[in-house]
Amino acid sequence: MNLNNTYREKLLNAVLFFAKKVKNPSKVKVYKLLYFLDFEHFKETGRSVTNLDYYAYDFGPVPKAFHEELLDNRVPDDFAKKLSLVPFKSEESGKQGAMFQAKSAPDLSVFSPREQKILQNMADIFQNVDAKMISDISHFKNHPWDKTLKEKGPKAKIEYSLAIDKEAQVSLEDALTAVHEREEMLTAFPPRKKL
């Protein structure tokens with residue numbers, strides 16, 4: 001993937017935003033923040049912010065493709081000038097992990113006002129929450145991760161439509177239409193490869 005499409009720019013800038021705004025922005029914590037950002041935005045509009053797909057791993061929802069890009073705690077080439085990963089040993093679990101470190105400020109102009117509001121709300125809510133607690137929150141009963149794990153099993157894709165509940169601002173039908181239209185658009189106009 002390369003920084004030549006809007007979703008990729010939003011992903012980079014969301015990670016930069018969270019790396020600057022929350023305490024201890026570990027990979028686990030940022031994965032959950034991205035999940036909450038995308039699923040909250042979907043609940044309001046029928047569209048995700050980053051276009052990531054999340055999977056029901058044991059420790060919560062994980063953006064699998066992005067996670068695989070970060071193996072060995074290396075950031076993708078198109079993120080390297082603005083973002084790094086710094087290894088650390090977790091005081092909570094004793095496990096090795098990595099913290100995101102922003103090398104520049106996020107460009108918030110890539111986000112709509114609604115997206116900016118949700119980004120800020122997520123940062124405010126989870127600013128001082130540790131990785132274990134945010135993982136526990138992502139495991140709440142009858143929420144998308146929990147439903148996926150129960151219905152499809154471990155490592156199954158979490159469908160965005162599971163975010164639609166009685167508090168949603170869009171109907172399930174409208175949300176599914178938006179998903180279908182997005183898939184058609186990405187098929188017709190796939191992200192270009194960097195030259």
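Note: the structure precedes this text.
Parameters and conventions
Residues numbered from 1 in each chain as written. Predicted model: local features only at pLDDT ≥ 70, side-chain atom pairs only at ≥ 80, totals over all residues. Heavy atoms only, no water. Buried < 20%, exposed > 50% of the residue type's maximum accessible area, 1.4 Å probe, protein only. Helix = DSSP H or I, 4+ residues; strand = E, 2+ residues; numbered from the N terminus. Arc of directions from axis to C-beta. Contact = heavy atoms within 4.5 Å. Polar contact = N/O pair within 3.5 Å; in protein donor to acceptor, adjacent residues only side chain to side chain. Pairing = 2+ DSSP bridges. Phe/Tyr/Trp six-rings, centres within 6.5 Å; stacked < 30°, edge-to-face > 60°.

**Details of helix α5 (residues 131-138)**
Logical step 1: Looking only at α5, the buried set comprises A131, I134, S135 and S138. The buried side chains of α5 occupy one side of the element, clustering within an arc of 105 degrees when seen end-on.
Logical step 2: Tucked inside the fold, the buried residues of α5 contact α2 (27-45), β2 (60-63), α4 (113-126) and α6 (144-152).
Logical step 3: Of the residues that open α5, the one with a side-chain oxygen 3.2 Å from the backbone nitrogen of K132 is D130.

**What to know about the pairing of strand β4 (residues 96-102)**
Logical step 1: Within β4, 5 of the 7 residues are buried, leaving the element largely enclosed by the surrounding structure.
Logical step 2: The sheet contact formed by strand β3 (residues 83-89) and β4 spans 7 bridges and is antiparallel. Note on β4: the bridge partner recorded for P87 is A98.

**Quick look at the packing of aromatic side chains**
Logical step 1: Throughout the structure, instances matching the rule amount to 12 aromatic pairs.
Logical step 2: An angle of 65 degrees between the planes, with centres 6.4 Å apart, marks the rings of Y31 and F66 as edge-to-face. Taken as a pair, Y31 in helix α2 and F66 in helix α3 (residues 64-69) lie far apart in primary sequence, 35 residues in all. Of the two residues, Y31 and F66, both sit in the buried class.
Logical step 3: Aromatic side chains Y54 and Y160 sit 6.4 Å apart centroid to centroid with 80 degrees between the ring planes, which places their arrangement in the edge-to-face category. One end of the pair, Y54, is in strand β1 (residues 54-57); the other, Y160, is in the loop between β5 (157-158) and α7 (172-188), with 106 residues separating them in the sequence.

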